[in-house]
Every structure is written in structure tokens, then in C-alpha cells.
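# Structural description and commentary
Listed here are the chains, written in short residue letters.
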Amino acid sequence: MAAVLSKEILGCSSIFDQQRSSSFLSAFSASDSSKVLLVPNLQRRWSKSSCSTRGKVVAAISEDLVKAVPGSGGDQKSVKFKVRGVLTVRKNIKEDFKETLVNQLDAFTEKIGRNVVLQLISTEVDPKTKAPKRSNEAVLKDWSKKSNVKAERVHYTVDFSVDSSFGIPGAITVINKHQKEFFLETITIEGFACGPLHFPCNSWVQSKKDHPDKRIFFSNEPYLPHETPAGLKALREKELKGLRGDGKGERKLSDRIYDFDVYNDLGNPDKGVDLSRPHLGGEKIPYPRRCRTGRLPMDTDMHAESRVEKPQPMYVPRDEQFEESKQNTFSTGRLKAVLHNLIPSLKASISSDNRDFNGFSDIDNLYSEGLLLKLGLQEEIWKKLPLPKVVSRIKESSQGILKYDIPKILTKDKFSWLRDDEFARQALAGVNPVSIERLHVFPPVSKLDPEIYGPQESALKDEHIIGQLEGMTVQQALEGNKLYIVDYHDIYLPFLDKINALDGRKAYATRTIFFKTSLGTLKPIAIELSLPQAGPSSRSKRVLKAPVDATSNWMWQLAKAHVCSNDAGVHQLANHWLRTHACLEPFILAAHRQLSAMHPIFKLLDPHMRYTLEINGLARQNLLNADGVIESCFTPGKYCMEISAAAYKGWRFDMEALPADLIRRGMAEPDPTKPHGLKLLIEDYPYATDGLLIWSAIENWVRTYVNHYYPNSSLICNDKELQTWYSESINVGHADLRHKDWWPTLNNGKDLISVLTTLIWLASAQHAALNFGQYPYGGYVPNRPPLMRRLIPEETDPEYTNFLADPQKYFLLSLPSLLQATKYMAVVDTLSTHSPDEEYLGERQQPWIWSGDTEIIEAFFEFSSEINRIEMEIDNRNANPSLRNRCGAGVLPYELLTPSSDPGVTCRGVPNSVSI
């Protein structure tokens, strides 16, 4: 049997020659005590290539069925013969007592007929019955014998009896008569003339008592809808209908139903008015749709869905849940341990009279000496928790020491965060490099309604920056593409009155002006801080210039901290959560509902959808919810998701492509003579230069793929599944923006290549660039405070005297408290972590069998090779001293778009999907 499992084939449309078949069967018979039978020739029907072997006699599995086998031609009657399947089932490495008991029960009941039953479905229909040809129903062997096998994967066999006129199986049905579900990874069928047939499954097969319908698994041969073999058409429709459901009732955790709903489950008004939150999605507050769970409404709000609180699981379709082996739950296990165990211990341990940092040494001690915790749990339990920190118990006490890893920002230069050049560098090569824009007009102008928010004019004037422009006038600097801005004025100003009324929250709406120096680096030259206008004569805007003395230097540091706090909020709520998590979810839901597993576009997108629904569900339950981690750790507090929704009003799918985004922000200009057709206006822009390499690699791979399956535009226009997927993604998943005229059409290959490349870019590289640097840059809170607790004092303020007397203390009191900081650090450490089972760009599970199309498999390996070449190019760039934004004394290399990574917090690695 081992040979069946180890056989790696570049698509089963190629024919095994006689010698390879013979050697395979010799190995098979040696390892499985089975013997060899000569079986009649069978012809396989493929849409792309022929697999027929007319006139040949091909080896099958068992000589128990040896019969007189007719040659090719003639009118001889059909002969029954046997073919063998090998099922790979993934098992849990660790089982609790209940699971062990159920497994033993299933092993026992196997003997009385409560087993796993499979049936092959031919691609052909019976000319008499007009129904698909079917094999006999066959029972899986050896389940009870292997019930005690301790391995991650266990292989079982099944023998089918088929007629010589059966054709080629295109689908397999499975019935699970056991008590418990099992995870079916693959099925391989041997014995047909064209060689092994592969059925990638990767799905939980539920017990018949819970889900009576047969499960359907299709072969790895891709088919556009109009190419679907006659024997599979009805099954293709049936499978999709089941995945769509009927939109009614509450979903069970074992369901595989994909549907849409609004974000009406973030608040919990039943627990108190202060936990009520607006519903996101609809005409009042536009927002993308999320996965429907169908839970009952709240008692106090019939339009709000009731909460499922931790540690109870939130519904996502069963196959979207994180895999349950030890490795596959590594990241989420950590997240749950942090949320359910570590944070409560932090709250219990940090008393109200010990809530602030008294000096920078207090922050340093979090990495060196650690934080004293009241564990509240037995030592053995703490040791078992997959916590990301070193937690050691103090002897004979209920306390322990929590140590944080040193963030990467401190590893090369402990004081780099204080420098202006590092502050500017992080706008191009930090964790949020997508907010910076070229300044077209100075002073900048607000787009907010002046009737509500006051004058649109900025307080910035020429005199604020003229001395920092290397002898240029402001107009010359604008025309020379020398001025850049990070502008958070319009996104924050409408919320500032409400934010600043919250306990312990103080914020401005900031604008930061940067100048591009002759070295090609940026330097910040002015920061504008805005508050809502209290009255016609009130002073609501102030400008801080680059410092000239000790007092202005501390003022400048506080202003930069407020900018970073603004930046942290926009990064998390708009650029990270909204653009790469929430806006992708509708496309994923629609793909499962409208694209068959046989559809080539589903096969292309599948690895880029992995785990996204699950992590988004976890986020709704624990991170984005009322009084959750995001609200407690970021400046906007209870208004966090309203700011995210405000950002969605300006979201445009057509601007999410990297080249379009760079042009929109003025960071690049179209130039057909340049690589990627773009001229970057800041040549040393690490996110953009590395990103364009990956964008182009994805685009070339997608172009090869699309052109292979859609040689002409009519195939795209007439592909019902494809068009319905795209239409539903927009009209249902993004219903509130469906009438916008910027949505790309889907009429030809160019359109499809653009849409697919954008989706894959967002799920992989864009998310990686915005996610995996969160702890490396934000784990040292002064570098990137997620919230601020004090405004900057003016000379007339009572606090100004305290500021002058001890500016360091004032700065530290403005930062998050000890509890806020340590809680934030624990969460972003976990969110920055790669799990050991991560699948990176250019990698695939079962890379040789995910598609039965050899040309596409070869093209994928070309793509994979290109990703490896890009990684080497990024390494070279990080060693180039002329690239000052990624190489130099104390400068961190830019590795967030380096494709590969080891497990853990590495500040590098591009997974295929939004999986954490």
C-alpha cells in the first residue's frame, strides 16, 4: 500500500507505462498481501487530454477476481473487476476520554455493519437509465483493526467492483455510519488504465445520524461548468445547493453552510446599555457582510444576534475551522490562552495603585526581569497552556513571572524609536506602510463638511516648513515630488468629541508632513494636531515644528506619539482588519456557495481562503466585540468599529491592486519603460519595491492559469458559476456599495486576471505586510503606542508646569497604563506569530495532486521558483547599504514581504491566506 501513498504524479491525465504499473503493483502486493489481476482496458474521458489505452491490458489489484478478460473490440459482454481505493484520514494526536470512548465504540460497531460506505460515480451516464454509472457500495476495511494506531495520518483501503464499461470515476460518495466525524484528507483509486486517480477531500465527514446526506468528493480534474461530464452534472449542482443552505435556522457547528449576514453581533445590550453597539452593514452604516450563524436575537434588541461568549466556539462552516492536530492549533491555542487565561491574570495582578510606568526601566523590565503575576491556576495547568511567553512559577506561592520577548525594534538600536529618521522610515518600511501619500497641495485641505466640522483649511503655513526644504520654496518642493503626508485628520475628527469624553483616552486628528531629502530618505518637518472646534473663536488646530531646544523636543516626542497612536488605530481598524479581513470574507463566502470544487477558479483560490472565516469569527467574538481587546487597547475605544465603518465608505476594490494603490496615493506614476510599468517617486520604498515583485509573480501565475482555461472572452461571459460568484460577492457581500461605478467588470481575461490577482495579493502579501510586524514594532509601546491618555499641554494649561518639571513622567503618563500595555503586547505577540503548519506563498498542500492538469501543475512550480528568486532578491536588497530605509547602523532589514518563515514571531513570511 505504501506505493499508492507515496506515488507523486504531475496529474493523472498522463498514462502509467506498463513497467511503472508493474513495479507499483509489485510493491503494493508486497506491502499489502494483495495479488495482481489483469483487467480489461478502460478508456478515460478527459476534457483536456486523452487517457485512453486502447488494446492494452492493465494491471489491477487482486487475483481473487481473475477471469477470462476479453481483448479490445468485439461485442463481448462486460466483465466485473476490482479496483482499490486508499483513504488517508487525519486523526487527532491528542484525544480526551470522551473521544477515546467514542472511537472504541465505532471500532466495535464496525463489526455489526455501522461502518464507512463508499461508491464510485462515473463521468458517464448509463444510456438505459440516463443516470450516472455507479460501482457497488463498498465498505472501508480495517477501521476497527487500526483504531488504536497513534499516527497523525492513518490509511485505509476499500475495494470496489465495477463493470468494464464503467468509464472513469469522477466522484465518490461517502456515508459515515459511525458515531463520530472524521477528517478525510485524500482518496486515491488504483486499477484504471490511466493510472492513479486522485480525489483531494480535506473535509470533515459527519456521522449519518447528524447529516444523513451522502458526502460528495470530486476528482482533481478541473472542469468549467459547460465541460462537466454528463455523469457529474447533477452532483455538481447538488453539492453547491447544500453549501448554500436555505438561509433559515441556527447553524450547528457541524454544518457546512455558507451564508451572509450583517455585523449585528458585536454588542451585548442584554448585559447593559454600555455594551450596546451599532449594527454594521446596511444603508445607515455600510459595511461588508460576514458569515451568517443564525443565532437567536437578543432579549433587549430583536435585530441584534445573541452572543456566543468565550470559550464557546463561534459557528463557521465545519471545514473552515482550524484543524485539530497539535500543530494546526498552535496559533489559535495561543490566542485562546492569552484571552482566557493570561489577560485575566494580568488584570488580577496589576493593582490600581500600580497602573503606570514610572520610568523607561519599568518597560525594559518586562523583557528582562518580567512581571509578577497572580496565576490563579495550578502550575501544571499553566505549563500546558500554549502561551507565547515564559511563565515560570515562584516556589511555594500562587505567583509567577511573565517575561515578554524583546521586540525586534530594540534588537539593533534600543533608542532608534526616538529618532526622527526612524519615525519617517517606519512610514515606508514599518507595519503600516500604506497610509503615506504624496502631497499635491499645500496646505492640505479637509474634505469634511465645513458646516459641521469647521473650516476645511489646515493651520499649516509655509513658514512652518520653509526652513526644512534644503533651500527650496514650498512650490518647488511640491513640483519636485519632495513633500509627503500621513493624513488622519478626516478619519478621526468626526469622532474626537466622543473619544476624548472616554475615561483615560485623549486624541488629536493628526497630519504629518515629510520632506524627501537628497539622500532619498524622509524626515518629518511638521505635525498638525486638530481638535473639534468648540466655538467660532476657539483655537482647534496647532502645529508643531521640528524641535530646536529641550522643551520643543519633548513636545515633538509627544506629538509623534499621538501620530503613532492615530496610525495604530487606522492600521488596525482600516488597513488591516477592514481591507484584508472583512472585505475578503464576502468573496470567500460567495466562492464556496457558487463555485464548484471542480471549477478551476475555485482550485486557484482555495489555498488563499484557508482559515479566514475562522479567524474572522474569533475576531468578532473576542477582539472586535464590545469591551473586547481592540476597544480596550486602541484610542477610539467603543467607537473603534464605527471608525472602521467610516473607512469602508472610502474603500474601493479597484484601488486595492498594488499598482493602483501606489498611483492613487501619488507614490508612483505610470511609466511603461520601468519594471512593473511604474515609476516610484521614492525609489527606496521597501514595501512597494518588494511588493511589486510579489504582485508581478502572482499576476503572471494568474495570467497563465486564466489563459489556459479561458482562451476566449466568451467562455468567461458564459461561465454561470464564475459570473454568479462575482455578482454575489458584490451585490450581496458588499451590498451597501453595490451601485458604485468603480466595480471592475468581468467580461474578458484581462478583467478576470485583475480581480483574481487583487484577491490573492490581499490575502497573502498585503495581509502579511500589515500583520506580522505588529509585535516586532508595537511590542515596545513607546515606539508605537496604541492609545494616548493625555493631550499635549499648552503654556496656559495647569498641567504645563508639571510637564516642564518632569517631561519624562508626563510622557510616560500619556502612554497606555501597565495593564493596557501588557494586555496589548500579549495579544499582538500572538497575532504576529506563524504556526508550524503555515502554508506560504508558492506552497500548496498536496502540490502534485491538487489539480489533474499537468500544464497547470508545471506552471505552479514555475511560480514557486519565482517566489524563491524574489526571496533571494529581497535578501540582497537588505544587504545593500545604498538602501538606507532597510540597511544601515541600527536599521532593521525589511523582511515583512520575504516569502518564507520559521514558526514564531519572525517579522517575515507571506502565508497564502489571512489565517491569523
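Residues numbered from 1 in each chain as written. Predicted model: local features only at pLDDT ≥ 70, side-chain atom pairs only at ≥ 80, totals over all residues. Heavy atoms only, no water.

## Re the sheet that holds strand β18 (residues 483-487)
- Strand order in the open sheet formed by 5 strands is β17-β18-β19-β20-β21, and the pairing between neighbours is antiparallel. The open sheet is flanked by β17 (437-438) and β21 (541-545), the only strands paired with a single partner.
- Where β18 and strand β19 (residues 509-516) come together, 5 bridges link them in antiparallel fashion. Opposite Ile-485, over in β19, you have Ile-513 as the bridge partner.
- In the packing of helix α8 (residues 420-429) onto the sheet, contacts are made with β19 and β20 (522-530), and the angle to β20 comes to roughly 85 degrees.
- Helix-sheet contacts for helix α14 (residues 550-582) involve β19, β20 and β21, and the interaxial angle to β20 is about 80 degrees. (Pairing = 2+ DSSP bridges. Helix = DSSP H or I, 4+ residues; strand = E, 2+ residues; numbered from the N terminus. Contact = heavy atoms within 4.5 Å. Axes fitted to C-alpha atoms, helices over the stretch in contact; angles between N-to-C directions.)

## What to know about the sheet that holds strand β3 (residues 80-90)
- The strand order across the open sheet formed by 4 strands is β7-β3-β9-β10, and the pairing between neighbours is antiparallel. Strands with a single pairing partner mark the edges of an open sheet, and in this sheet they are β7 (153-163) and β10 (197-205). Here the strands of the sheet are splayed against their neighbours by 20 degrees on average, with no regard to which way each runs.
- Where strand β9 (residues 182-190) lies against β10, 7 bridges are found, and the strand directions are antiparallel. Of the residues in β10, the one forming a bridge with Thr-186 is Pro-200.

## Here's the deal with the environment of Phe-260
- Along the chain, Phe-260 turns up in strand β12 (residues 260-261).
- In the structure, Phe-260 is positioned 34 residues away from Gly-294 in sequence and 9.8 Å away in space, judged by C-alpha atoms.

## What about unusual backbone geometry?
- In this structure, Pro-443 follows Phe-442 across a cis peptide bond, with omega equal to -5 degrees.
- Checked against the element boundaries, Pro-443 lands in the loop between β17 and α9 (450-453).
- Despite not being glycine, Asp-627 shows a phi value in the positive range, around 65 degrees.
- As for its position among the elements, Asp-627 is in the loop between α17 (612-623) and α18 (629-633).
- We note that His-676 has phi near 70 degrees; this positive angle belongs to a residue other than glycine.

## Considerations on helix α27 (residues 807-814)
- Most of α27 is tucked away, with 6 of its 8 residues classed as buried.
- Those residues of α27 that sit buried are Pro-807, Tyr-810, Phe-811, Leu-812, Leu-813 and Ser-814.
- Buried residues belonging to α27 abut α6 (360-365), α14 and α26 (799-805). (Buried < 20%, exposed > 50% of the residue type's maximum accessible area, 1.4 Å probe, protein only.)

## Some remarks on the confidence of the model for the protein chain
- A residue-level look at the protein chain finds 84% of positions with pLDDT of 70 or above and a mean pLDDT of 87.
- Across residues 1-75, confidence stays below pLDDT 50; counting only partners more than four residues off in sequence or on other chains, it has 166 contacts.
- Here residues 325-331 scores under 50 on pLDDT; set against residues more than four positions off or in separate chains, the count is 22 contacts. (pLDDT = per-residue confidence, 0-100.)

## A few points about the pairing of β9
- Here β9 lies mainly inside the structure; 9 of its 9 residues are buried.
- With 7 bridges joining them, β3 and β9 adopt antiparallel strand pairing. Residue pairing for β9: Val-89 is matched across the bridge by Leu-184.
- From the end of β9 to the start of β10, which pair antiparallel, there are 6 residues, and Gly-191 there has a positive phi angle of about 130 degrees.

## Notes on the pattern of salt bridges
- Throughout the structure, instances matching the rule amount to 50 salt bridges.
- The shortest N-O distance in the salt bridge between Asp-159 and Lys-141 comes to 2.7 Å. Of this pair, Asp-159 sits in strand β7 while Lys-141 sits in the loop between β6 (138-139) and β7, and the two are 18 residues apart along the sequence.
- Residue Lys-141 is classed as partly exposed on the basis of its relative accessible area of 32%.
- The residue Glu-699 makes a salt bridge to Arg-703 at a minimum N-O spacing of 3.8 Å. Within this pair, Glu-699 and its partner Arg-703 are both found in helix α21 (residues 686-709), separated by 4 residues, close to a single helical turn.
- Look at Arg-703 and you get partly exposed, because its relative accessible area is 31%.
- Taken together, the shared-partner salt bridges connect Asp-261, Asp-265, Arg-290, Arg-295, Glu-305 and Arg-620 into one network. (Salt bridge = Lys/Arg side-chain N within 4 Å of Asp/Glu carboxyl O.)

## Thoughts on the state of the cysteines
- Following the criterion strictly, the structure yields 0 disulfides and no others.
- Free of any disulfide, Cys-640 has its nearest cysteine sulfur in Cys-633, 9.4 Å distant.
- For Cys-640, a relative accessible area of 1% puts it in the buried group. (Disulfide = S-S within 2.5 Å.)

## As for the nonpolar core
- Ranked by internal contacts, the top residues of the largest apolar core, which has 190 residues, are Tyr-287, Ile-436, Leu-662, Trp-701 and Trp-725.
- Ranked by size, the runner-up nonpolar core spans 30 residues in total, among them Val-83, Tyr-156, Ile-172 and Phe-192. (Core = buried A, V, L, I, M, F, W, Y, C linked by side-chain atoms within 4.5 Å.)

## Comments concerning the pairing of β19
- Extensive coverage of β19 is indicated by the burial of 8 of its 8 residues.
- Residues Ala-509, Arg-511, Ile-513 and Phe-515 of β19 are buried on one face, and the alternating residues Thr-510, Thr-512, Phe-514 and Lys-516, pointing to the opposite face, are buried as well.
- What sits between β19 and β20 in their antiparallel hairpin is a turn of 5 residues, with Gly-520 showing a positive phi close to 90 degrees.

## Some thoughts on the packing of aromatic side chains
- In total, this model carries 37 aromatic pairs according to the counting rule given.
- Where Trp-695 meets Trp-761, the ring centres are 6.1 Å apart and the plane angle is 75 degrees; that geometry is what we call edge-to-face. Residue Trp-695 is located in helix α21, and its partner Trp-761 is located in helix α24 (residues 749-771); the two are separated by 66 residues in the primary sequence.
- With a relative accessible area of 6%, Trp-695 lands in the buried category.
- With a relative accessible area of 0%, Trp-761 lands in the buried category.
- By the ring-pair criterion, three or more aromatic residues cluster together here, those being Tyr-263, Tyr-287, Phe-587, Tyr-648, Trp-651, Phe-653, Trp-725, Tyr-726, Trp-742 and Trp-743.
- One Lys or Arg, Lys-146, reaches over the ring of Tyr-156 and ends 5.5 Å from the middle of that ring.
- The ring of Trp-850 carries the charged tip of Arg-844 above its face, separated from the ring centre by 3.5 Å. (Phe/Tyr/Trp six-rings, centres within 6.5 Å; stacked < 30°, edge-to-face > 60°. Lys NZ or Arg CZ within 6 Å of the ring centre and 35° of its normal.)

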